[in-house]
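Given next are the chains, with one letter for each unit.
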Amino acid sequence: MKQKVTVTTAEKDLQNTDVSLNGTYPWNSIYTNLLRSNEFSAWGNWSLNPNIKIGLTGILNPHTGTFDATGDTLPLGEEDIESLTRADLWKVQSDHMKQTSTNVDVTVAGGETEAGTKLSWTFGRKRSVLSKFVRSKDVSMLSPITLLENNMSWLKEQADDLGMTNHEGITQSFCVVTKVYYASSGLNVGAESEDTTFSLSGTVEGMTGMFTPSVSASAGYTSEEYTKTVDKHLCPVGPNATASYEVPVGFEVASFDGTIVMPKWTHKFEKLNLAVDNHYGGTYIADSTLTYEVDGEVIEETRSTWGGDTSHYLIPLNATNLQLKIDFEASGDVEYHFNWNNPLVQWPSGSRRIKMTGVWPWKPKAIDLEAS
């Protein structure tokens, strides 16, 4: 029987609005946006749903952020999965937050009192979030493009069962989990109101284990308290328990366009977009030539971009061997060359921007912004 797993993530434009998804605020909207400052392709697992795992299939709606994992899990062997041990601090938080630490006496099992630590976080603004974990491992699908292409028939059956196919094949938003970030202890906390305080108290050993990588101390806490309403998800889930398990704090997915695998998928797009951007105050005219291959055919396109303008190349998703040459007129034959063998893999967002600068008679420049 197929099991439904729902993870909620909203797009950036939902970040500061009082919206609700199934009666609850989409905390994943803020969480995912914060994660993507470091992990561009990440989707947050705010509620620490333990069912998120490699190969899980379902529908991920990027507009509401809801992941309905109603499909089956792709059968995988040990040779298809890589597990990378981590020992670092996973921490993202909203602005206007403050952490304090104080020494306290805590009550432990048996009613005895022991010296401990109290950590408190003050959330200065409404809808502020804190995510702080000991990151323990990353589990990834090895060679996901090849693996998913080899299982395309199975994936089409899953997508068809969910109404996610058309005459070309699988439609975008049908997704497969390709990577999961795991943590051994920590917390996600979101403040419903401004000036909210959330605190954890515990033994020195337990609190050290909660948030310090590479220590042998067992993570745990003895009590929690907060001044206003919060949305909280902790590992371990309650006081006086040991974090003897790992929780998924985030994940990545692949989606599909027909039979094309779209790795590290974050949103829908029908074409790759290469922007040759000359609006940064440059005075040179840039003549650009783009060549690429589609199904063995070589395509060539040219543009002339004046100062203050931006030219866009809209490129098929299955294009390979992209080569961009930029010549600056009246520059003494200044040229720049850029190459991308597989842009669908190399451009996770589906777009790339080349920034051009330079005022005559000084030398012009062209910079790949996503590579800098």
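For the structure, see preceding data.
Given the structure is predicted, the values throughout are model-derived calculations rather than measurements.

Tell me about the overall build of the protein chain, residues and numbers included.
Secondary structure assignment for the protein chain yields five helices and 24 strands. Over its C-alpha atoms, taken along the principal directions, the protein chain stretches across nearly 80 × 55 × 40 Å. Here the protein chain holds 372 residues, and 48% of them are scored as buried. Contacts spanning at least 24 positions in sequence make up 69% of the contacts within the protein chain whose residues lie at least 6 apart. For the protein chain, the accessible surface area stands at approximately 17500 Å², while carbon and sulfur atoms represent 46% of it. Separation between the mean location of the 29 positive side-chain charges and that of the 46 negative ones in the protein chain comes to 6 Å.

Tell me about the sheet that holds strand 18 (residues 286–294), and name the residues and values.
If you trace the four strands from one edge of the open sheet to the other, you get 19-18-21-22, paired in antiparallel fashion. In the strand order of this sheet, the two ends are held by strand 19 (297–305) and strand 22 (335–340), each with one partner. Sheet twist, expressed as the mean angle between neighbouring strand axes with direction ignored, is 15 degrees. Sheet topology note: the strand 21 (residues 320–328)/strand 22 ladder contains six bridges and is antiparallel. By the bridge assignment for strand 22, D327 is matched with E335.

Could you give an account of unusual backbone geometry, with specific residues and numbers?
Cis geometry is found at the peptide bond from C235 to P236, where omega equals 5 degrees. Take P236: it is sitting in the loop between strand 14 (230–235) and strand 15 (247–257). With an omega of 15 degrees, the peptide bond running from W360 to P361 counts as cis. Summarising the element assignment, P361 is placed in the loop between strand 23 (351–357) and strand 24 (365–368). Positive phi values are uncommon outside glycine, yet L48 reaches one of about 60 degrees.

Lay out the packing of aromatic side chains in plain terms, naming residues and giving numbers.
For any pair of aromatic rings, the description consists of the separation of the ring centres together with the inter-plane angle of the planes. With the rule as written, the count across this model stands at 13 aromatic pairs. A centroid spacing of 6.2 Å and a plane angle of 75 degrees characterise the contact between Y284 and F328, whose relative ring orientation is edge-to-face. One end of the pair, Y284, is in the loop between strand 17 (272–277) and strand 18; the other, F328, is in strand 21, with 44 residues separating them in the sequence. Under the relative-accessibility criterion, F328 is labelled buried at 4%. Judged by centre distance (6.1 Å) and plane angle (5 degrees), the ring pair of F338 and W340 falls under stacked. Each member of the pair, F338 as well as W340, is classed as buried. A connected cluster of aromatic rings, assembled from ring pairs, spans W121, F198, F211 and Y226. Across the ring face of W43, the terminal group of R36 is positioned such that the distance to the ring centre comes to 4.5 Å. Here the guanidinium or amino end of K137 rests over the ring plane of Y182, the centre of that ring lying 5.1 Å away.

Criteria and thresholds
- Residues numbered from 1 in each chain as written.
- Predicted model: local features only at pLDDT ≥ 70, side-chain atom pairs only at ≥ 80, totals over all residues.
- Heavy atoms only, no water.
- Helix = DSSP H or I, 4+ residues; strand = E, 2+ residues; numbered from the N terminus.
- Buried < 20%, exposed > 50% of the residue type's maximum accessible area, 1.4 Å probe, protein only.
- Contact = heavy atoms within 4.5 Å.
- Areas by Shrake-Rupley, 256 points an atom, 1.4 Å probe, with all protein chains shown as cover.
- Lys, Arg positive; Asp, Glu negative; His and termini not counted.
- Charge placed at Lys NZ, Arg CZ, Asp CG, Glu CD.
- Pairing = 2+ DSSP bridges.
- Axes fitted to C-alpha atoms, helices over the stretch in contact; angles between N-to-C directions.
- Phe/Tyr/Trp six-rings, centres within 6.5 Å; stacked < 30°, edge-to-face > 60°.
- Lys NZ or Arg CZ within 6 Å of the ring centre and 35° of its normal.

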